[in-house]
Every structure is written in C-alpha cells, then in structure tokens.
Amino acid sequence: MPAERAGRLGVGTIGAGRVGAVLAAALGGAGHALTGVAAVSDESRERAAVMLPGVPVLEVPVIVERSELVLLALPDDELEGLVAGLADAGVWQPGQLVLHTSAGFGTSVLEPARRAGAIPLAVHPAMTFTGTSLDLARLPGTWFAVTAPSPVLPIGQALVVEMGGEPFIVAEADRAAYGDAVDTVVSFSSAIVDQASTQLDAIGVPRPGAVLAALARSAVENALARHDRGPLPDGTIDGAGFDRPLGGGA
C-alpha cells in the first residue's frame with residue numbers, strides 16, 4: 001500500500017492519557033481530522049478538553065466506525081482485550097489503520113483487527129510524557145519505534161514524520177526486548193533520582209531535585225554518548241531519510 005494512504009485521515013483516539021492526547025494533537029496539527037476521543041476518567045476528560053479542544057468525546061465503537069486511523073493509547077494490560085472485544089463485535093473495518101503505542105507489543109496484539117481487514121501498526125515514541133502542550137515541543141527529533149508488515153511500514157514511518165519524530169524499525173520478534181529496554185531506562189532513572197533525593201532530603205539539603213538536576217543530566221548524557229556511535233537507528237549516517245531501514249526490520 002503506498003505511503004499516500006497516510007495522507008489526510010480521520011483519526012479517532014482511544015485513550016486520552018498523557019500519550020494519546022499528545023499524539024492525537026500532533027496528528028491534528030499535521031492536518032488530519034480528529035473524529036473523536038474516548039475518555040473515561042475525569043482527568044482524561046479534562047486533558048482532552050485542553051489538548052483536543054472541540055474534539056467530541058464518544059463511545060469506543062462509535063470512534064472506530066467513524067475513523068480511518070484508530071490510535072490506541074492504552075495501558076498494556078487493556079490493549080489485547082479491547083482489540084479482541086471490538087473484533088467480536090464486528091466493529092473493525094477493512095482497510096482501516098489501527099495503531100497502538102505500547103513499547104513491548106508488536107502487531108501480533110492487533111491480530112483480531114487484522115483478521116477483520118484492518119492494517120496493523122505498532123508505533124512507540126521513545127520519550128516520557130507529561131500530557132501537556134510541553135510534549136508537543138519535545139516530539140520533533142524524538143525517535144519512534146515502528147513495527148508493521150513490510151508493505152505498510154512506509155505508512156507508519158510517514159505518520160511518525162508528520163508528528164515531527166524520527167522513525168526506526170524494530171522487528172516483530174524484537175519488540176518485547178525493545179519494551180524491556182524502555183522499561184529499564186524509565187524505571188531505573190526514576191528510582192535512582194528518587195533514592196538520591198530522599199537521601200539529600202534526610203540530611204536537610206533544600207530542593208534536592210534542583211541540586212541533583214545538573215549532575216543527573218550530565219551523567220545520563222555522558223552514558224548515552226558512550227553508546228551513540230555508528231549509523232543512526234533509521235540506518236542513515238546523517239538522519240536524512242526514513243526510507244533506509246536497518247537490516248532485519250519487520
């Protein structure tokens with residue numbers, strides 16, 4: 001399927017958490033039409049009102065029926081059940097793009113939708129989110145892991161570029177390992193900063209987070225620099241294009 005399929009799409013978002021609201025806003029900013037958002041909690045409804053003004057809050061089946069691209073930004077433990085339940089209800093549509101944002105899953109979790117004719121995409125932005133407009137400024141230059149069947153990889157890559165990101169391919173078989181790496185960075189970074197801040201607080205150091213900020217950033221940057229050699233994740237030397245993937249891609 002040509003990359004032009006990812007042109008102007010009707011985008012429905014299921015999950016108005018920190019990730020879903022921001023990515024939907026980015027897609028809307030790229031010119032796509034936002035058809036609706038599913039937001040259950042008061043917090044998610046408030047976030048949707050701020051980040052996606054004017055976008056109607058709708059029931060999940062209605063969003064799927066109205067959308068050419070369905071963005072699934074859900075907790076990992078909810079994703080499989082929702083996809084299967086919508087398949088059992090006959091809601092998925094042939095030719096519809098279905099994109100989830102979970103780090104540890106490839107497209108196999110979308111198999112019920114694929115059997116109904118939908119096109120599966122697994123796209124994960126390698127950054128943490130606040131769920132505010134600050135994230136929109138951080139998306140440009142952020143790397144996104146893309147997993148999809150080979151014929152539709154250009155669609156996933158093009159959507160990432162439209163959001164301002166840099167796509168790189170992760171093979172289906174490697175997606176769990178990628179998710180583990182992401183979890184390790186997030187959990188250990190948070191735990192170490194929390195532990196050190198608690199220790200400084202215990203000895204009376206005011207604002208331990210501010211005290212540690214420069215140290216933590218420089219330590220992380222130095223560690224990252226030790227591993228920032230060779231080709232970029234998209235297989236290029238200078239990051240000039242998204243159409244030259246690393247060998248072994250999905």
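Please refer to the structure placed before this passage.
I will try to describe carefully the structure that is included in this document.

Rules used in this analysis
Residues numbered from 1 in each chain as written. Predicted model: local features only at pLDDT ≥ 70, side-chain atom pairs only at ≥ 80, totals over all residues. Heavy atoms only, no water. Helix = DSSP H or I, 4+ residues; strand = E, 2+ residues; numbered from the N terminus. Buried < 20%, exposed > 50% of the residue type's maximum accessible area, 1.4 Å probe, protein only. Contact = heavy atoms within 4.5 Å. Polar contact = N/O pair within 3.5 Å; in protein donor to acceptor, adjacent residues only side chain to side chain. Phe/Tyr/Trp six-rings, centres within 6.5 Å; stacked < 30°, edge-to-face > 60°. Pairing = 2+ DSSP bridges. Axes fitted to C-alpha atoms, helices over the stretch in contact; angles between N-to-C directions. Right-handed = clockwise from strand over helix to strand, strands pointing away.

### Here we look at the overall build of the chain
Of regular secondary structure, the chain possesses 9 helices and 7 strands. Per-residue burial for the chain yields a buried fraction of 42% across its 250 residues. In the chain, 61% of the contacts between residues at least 6 apart in sequence involve partners at least 24 apart.

### Let's talk about the environment of Glu111
Relative to the helices and strands, Glu111 is located in helix 5 (residues 111-115). Separated by 31 residues in sequence, Glu111 and Glu80 place their C-alpha atoms 9.3 Å apart.

### Observations regarding the side chain of His124
Secondary-structure assignment places His124 in strand 5 (residues 119-125). Judged by its relative accessible area of 9%, His124 falls in the buried class. Looking at His124, its side chain comes within polar contact range of the side chain of Tyr178, at 2.7 Å. What His124 contacts, discounting residues up to four positions off in sequence, is Thr101, Ser102, Ala103, Trp143, Phe144, Ala145, Arg175, Tyr178 and Val182.

### Concerning the environment of Gly165
Here Gly165 is to be found in the loop between helix 7 (153-162) and strand 7 (166-169). In this structure Gly165 comes out as buried when scored by relative accessible area, which is 5%. In this structure the C-alpha to C-alpha distance between Gly165 and Pro140, which are 25 residues apart in sequence, comes to 5.1 Å. Ignoring anything within four residues of it in the chain, the contact list for Gly165 reads Leu139, Gly141, Thr142, Phe144 and Val160.

### What to know about the packing of aromatic side chains
Applying the stated criterion across every chain, the model contains 2 aromatic pairs. Relative to Phe168, the ring of Trp143 has its centre 6.2 Å away and its plane inclined at 75°; by these criteria the two rings are edge-to-face. In this pair, Trp143 sits in strand 6 (residues 143-147) while Phe168 sits in strand 7, placing the two residues 25 residues apart along the sequence. We classify Trp143 as partly exposed; its relative accessible area is 24%. Measuring from centroid to centroid gives 6.1 Å for Phe168 and Tyr178, while their planes differ by 70°, and the two rings are edge-to-face. In this pair, Phe168 sits in strand 7 while Tyr178 sits in helix 8 (residues 175-202), placing the two residues 10 residues apart along the sequence. Summarising the burial analysis for this pair, Phe168 and Tyr178 share the class buried. Ring-pair connections join several aromatic residues into one group, and the members of that group are Trp143, Phe168 and Tyr178.

### As for the sheet that holds strand 3 (residues 69-72)
Two strands in a sheet stick together by hydrogen bonds in their backbones, pointing the same way (parallel) or opposite ways (antiparallel). With respect to topology, 7 strands assemble into an open sheet ordered 2-1-3-4-5-6-7, the strand pairing being mixed. On the outer flanks of this sheet lie strand 2 (33-38) and strand 7, each paired with one strand and no other. With strand direction ignored, the average angle separating the axes of adjacent strands in the sheet is 25°. Sheet topology note: the strand 1 (residues 10-14)/strand 2 ladder contains 5 bridges and is parallel. Among the inter-strand pairings, Gly12 is bridged to a residue of strand 2, identified as Gly36. Contacting strand 3, strand 4 (97-100), strand 5, strand 6 and strand 7, helix 7 runs over the sheet at an angle of about 150° to strand 7.

### What to know about the pairing of strand 4
Burial along strand 4 is two-sided: the residues Leu97 and Leu99 and Val98 and His100 are all buried. As paired elements, strand 3 and strand 4 share 4 bridges and run parallel to each other. Bridge pairing in strand 4 links Val70 to Val98. Following the backbone out of strand 3, through helix 4 (residues 76-88) and into the adjacent parallel strand 4, one traces a crossover that is right-handed. In terms of strand pairing, strand 4 meets strand 5 through 4 bridges, oriented parallel. Directly across from His100, in strand 5, lies its bridge partner Ala122.

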